[in-house]
Amino acid sequence: MFDIEEVSTARLSPEGDPDPGVDYGEVFTRRWVVEFILDLIGYTPARDLGACVVVEPSCGTGAFLGPIVDRLLESCVVHGRNPATLTGAVRACDVLDANADRARKMVVERLRDGGLMSEDAEAVAQAWVIADDFLLRDHDLRSADYVVGNPPYVRLESVPRAVMAAYRDRCTAMRGRSDLYVGFVEVGLSLLKPGGALGFICADRWMHNQYGAQLRELVTADYAVETVVTMHDVPAFEDEVSAYPAIVVIRNADQADVAVVEAKRSFGEADAPALAAWASSVSQAACGPTFEASRTTGWFKGGELWPMASPTTLALVADLERRYDPLQDADKTTRVGIGVATGCDEVFITRDAALVEEDRLLPLLLASDTTSGAAVSSGAYLVNPWDEEGLVQLDAYPRLRDYLESHRARLERRHVARKNPAQWYRTIDRVDPRLLRRQKLLLPDLKAAAHPVFDVGAFYPHHNLYYVVSDTWDLEVLGGLLLSDIANLFVGAYCVKMRGGCYRFQAQYLRKIRVPDPGSVAPADRRELARVFRERDVDAATAIANRVYGIDELPSDILHGCPK
């Protein structure tokens, strides 16, 4: 058990001030973005907001709180309520006393401008704004109509150890290398009344990364995704940050259609009201120079990664996922994996073919060996400490023993060696000798478009190459499908995109690619796919793949993997 009061002050200095060594994740949202989010969740003066409860879990100095108070006061005029009686209508919280004090002063000023006496304004502000840790305080569950804000952008590992342990204890979705906002979403959802809505602007990584799996599962099991607006290039904050932000609206209701929006760099204050109005309408699609929007039928289930792309692309992904099976099937007759990670390439990779015993060297293929579209060796070898039974006995290989012993101090410093000192000379990954001899498709990790390369069974892949092996596919035919823009469609929708437009072709995303049953592909299409794969003709591969998948035309934003 944790002493919550003690843990809650662990992020402050002994005087109760902000600790300069702690990242509080303070990123302040522009006023028009706040107004946009309030419109999306329905916190508008036309509704009797005095009869509702809104929670702002990380209020800072009032970026959201100011517009909330303004709308509440306007609603009081419309619905004939006295703001002095509404001490339960707003619950705002900040971990820093200084922020809470400034937020209260702002509230007092707005209430006084709205006609309240100073004494009443002070009393209401004291009731509305508290200094506390939202994730650690006790809450009345299912007590809020709205939860809204911009939760802190902080890696969980960046907070003090005791606080991190307390957060993990309170928030079941905060697992692995999580971000603090994951806990804010989880706790915020627990406060929603039936029909209540949460509207946050935060990094979208929880939708696409492994650490968000439990939160995604919670959301899709018990709540409804209502609106998702990606705003990666939109200047949504007062300061420039690299946060990959998205607005997400989640409601305590049954899942229905989802409004999916891609806001472009030029999207701004003038565009937001019309887009919010569309989101609350029944129109199926909207498009303008600053955004593209459409509705999907339902949403993705469980803890699986959520794709995120243009609405047109997202609709096509959903359609293909309904009609076809994943590249890595349930029986793993086709399998996706990653090459060997050594933990010390400087020792385990060599170009000296006489360095150790011949059978302790594996021909190794690097990502740089695939740039031509063929597997062309640069002469690299893996110094291999494994055989079919496991780690070899070094005494059986004197030259291998002497070589590794000469680097022993360096190898023993690796994490994998510290975990098991007796295996100090192992690579991080175990080598599977059977993989060397198998035909396989190899795909580099970082590329602007899918780049499958065929290996007849001559090389072992390095860890920046992913491989596909299959018992059922002719790999050149499959290579033609993966060379096409179908691969970019799926990987681009699911992956965490790097700045500059590169995709990360990791195993978890490659497994998302949908493929037809090999036997369902017409013989003529199989021959053509194999031919265009050998010729590296992406356009021809895409045209054939479109025919195989029954697609009239691919969305332009994924052609050749280049975001448009």
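Residues numbered from 1 in each chain as written. Predicted model: local features only at pLDDT ≥ 70, side-chain atom pairs only at ≥ 80, totals over all residues. Heavy atoms only, no water.

Further remarks concern the overall build of the protein chain. When helices and strands are tallied, the protein chain shows 21 helices and 24 strands. When the backbone C-alpha atoms are referred to their principal axes, the protein chain occupies close to 90 × 60 × 35 Å. For the protein chain, the proportion of its 564 residues judged to be buried stands at 56%. Across the protein chain, contacts joining residues at least 24 apart in sequence account for 74% of those joining residues at least 6 apart. Surface accessibility of the protein chain: about 24100 Å² in total, with carbon and sulfur atoms responsible for 49%. If you average the places of the 62 positive and of the 82 negative side-chain charges in the protein chain, the two averages end up 4 Å apart. (Helix = DSSP H or I, 4+ residues; strand = E, 2+ residues; numbered from the N terminus. Buried < 20%, exposed > 50% of the residue type's maximum accessible area, 1.4 Å probe, protein only. Contact = heavy atoms within 4.5 Å. Areas by Shrake-Rupley, 256 points an atom, 1.4 Å probe, with all protein chains shown as cover. Lys, Arg positive; Asp, Glu negative; His and termini not counted. Charge placed at Lys NZ, Arg CZ, Asp CG, Glu CD.)

Attention shifts here to helix α6 (residues 161-170). Along α6, the positions that sit buried rather than exposed are V163, M164, A166 and Y167. Take α6 and look down its axis: the buried residues cluster within an arc of 165°, on one side only. Turned more than 90 degrees off the buried face of α6, the exposed positions are R161 and D169. (Arc of directions from axis to C-beta.)

Time to look at the sheet that holds strand β7 (residues 245-251). Reading across the sheet, the 10 strands line up as β3-β2-β1-β4-β5-β7-β6-β8-β10-β9 and stay open at both edges, with mixed pairing between neighbours. Each having just a single partner strand, β3 (129-131) and β9 (285-288) make up the two edges of the open sheet. Going from strand to strand, the sheet's axes swing by 15° on average, the running direction of each strand aside. Here strand β2 (residues 90-94) runs beside β3; their pairing, made up of 3 bridges, is parallel. Its bridge partner being in β3, C93 is matched across the sheet by I130. Along the sheet face, helix α7 (residues 180-190) touches β4 (144-149), β5 (192-203) and β7 and points at about 165° away from the line of β5. (Pairing = 2+ DSSP bridges. Axes fitted to C-alpha atoms, helices over the stretch in contact; angles between N-to-C directions.)

With that settled, the discussion passes to the side chain of D445. Tracing the backbone shows D445 in the loop between β18 (440-444) and β19 (446-447). With near-sequence residues (within four places) excluded, D445 lies in contact with N464, Y466, Y503, R504, F505 and Q506.

Looking now at the confidence of the model for the protein chain. Detailed reading of the predicted coordinates is not advisable wherever pLDDT falls low. Per-residue confidence for the protein chain gives a mean pLDDT of 90; residues scoring 70 or more make up 91%. Below a pLDDT of 50 lies the segment residues 1-25, which in the model reaches 48 contacts outside its immediate sequence neighbourhood of four places, other chains included. (pLDDT = per-residue confidence, 0-100.)

Within the largest apolar cluster, 157 residues are counted, with the highest numbers of intra-cluster contacts made by I201, W206, M231, F267 and W299. In terms of residue count, helix α2 (residues 31-41) provides more of this core than any other element does, 8 residues in total. The next biggest cluster of nonpolar side chains, apart from the first, holds 36 residues, and it includes V347, I349, Y397 and L465. (Core = buried A, V, L, I, M, F, W, Y, C linked by side-chain atoms within 4.5 Å.)

Across all of its chains, the model carries 30 salt bridges by this definition. The salt bridge partner of E35 is R71, with a shortest N-O separation of 2.6 Å. Of the two residues, E35 is situated in helix α2 and R71 in helix α3 (residues 65-79); the sequence distance between them amounts to 36 residues. The residue R251 makes a salt bridge to E226 at a minimum N-O spacing of 2.6 Å. One end of the pair, R251, is in strand β7; the other, E226, is in strand β6 (residues 224-230), with 25 residues separating them in the sequence. Look at R251 and you get buried, because its relative accessible area is 18%. (Salt bridge = Lys/Arg side-chain N within 4 Å of Asp/Glu carboxyl O.)

Attention now moves to the pairing of β9. Side-chain alternation along β9 places A286 and G288 on a buried face and A285 and C287 on a face that remains uncovered. Hairpin connection between β9 and strand β10 (residues 291-296): a loop of 2 residues separates the two successive antiparallel strands.

Next up on the list: the state of the cysteines. Here the structure, examined in full by the defined rule, presents 0 disulfides. Residue C52 stays outside any disulfide, its sulfur separated by 11 Å from that of C76, the closest cysteine. For C52, a relative accessible area of 4% gives the class buried. Cysteine C171 shares no disulfide, and the gap to the nearest cysteine sulfur, in C93, comes to 13 Å. (Disulfide = S-S within 2.5 Å.)

Spatial strand order, β12-β22-β18-β20: 4 strands in an open sheet with antiparallel pairing. The open sheet has two edge strands, β12 (334-338) and β20 (453-455), and neither has a second partner. Going across the sheet, the axis of each strand differs from the next one's by a mean of 30°, ignoring polarity. Pairing analysis gives 4 bridges linking β18 to strand β22 (residues 465-470), with the strands arranged antiparallel. Looking at the pairing, L442 lines up with Y467 of β22.

The subject of this paragraph is unusual backbone geometry. In this structure, R142 takes a positive phi of about 55° despite not being glycine. If you trace the backbone, R142 turns up in the loop between β3 and β4. Note on R142: relative accessible area 40%, which makes it partly exposed. In this model, K332 sits at a positive phi of 55°, which is unusual for a non-glycine residue. In this structure, K332 sits in the loop between β11 (325-326) and β12.

Time to look at helix α10 (residues 272-279). Buried within α10 are the following residues: A272, L275, A276, W278 and A279. Down the axis, α10 shows its buried residues gathered within 160° of arc, on one side only. Looking at the packing, one finds that the buried side of α10 touches α2, β8 (258-263), β9 and β10.

All right, on to the environment of V154 then. Along the chain, the position of V154 falls in the loop between β4 and α6. The spatial distance from the C-alpha of V154 to the C-alpha of L198 is 20 Å, given a sequence separation of 44 residues.

Examined against the element boundaries, N252 turns out to sit in the loop between β7 and β8. Overall, N252 belongs to the buried group, its relative accessible area being 15%. In terms of polar contacts, N252 uses its side chain to reach the backbone carbonyl oxygen of L192, at 3.1 Å. With near-sequence residues (within four places) excluded, N252 lies in contact with R142, L192, K193, P194, G195, G196, D222 and Y223. (Polar contact = N/O pair within 3.5 Å; in protein donor to acceptor, adjacent residues only side chain to side chain.)

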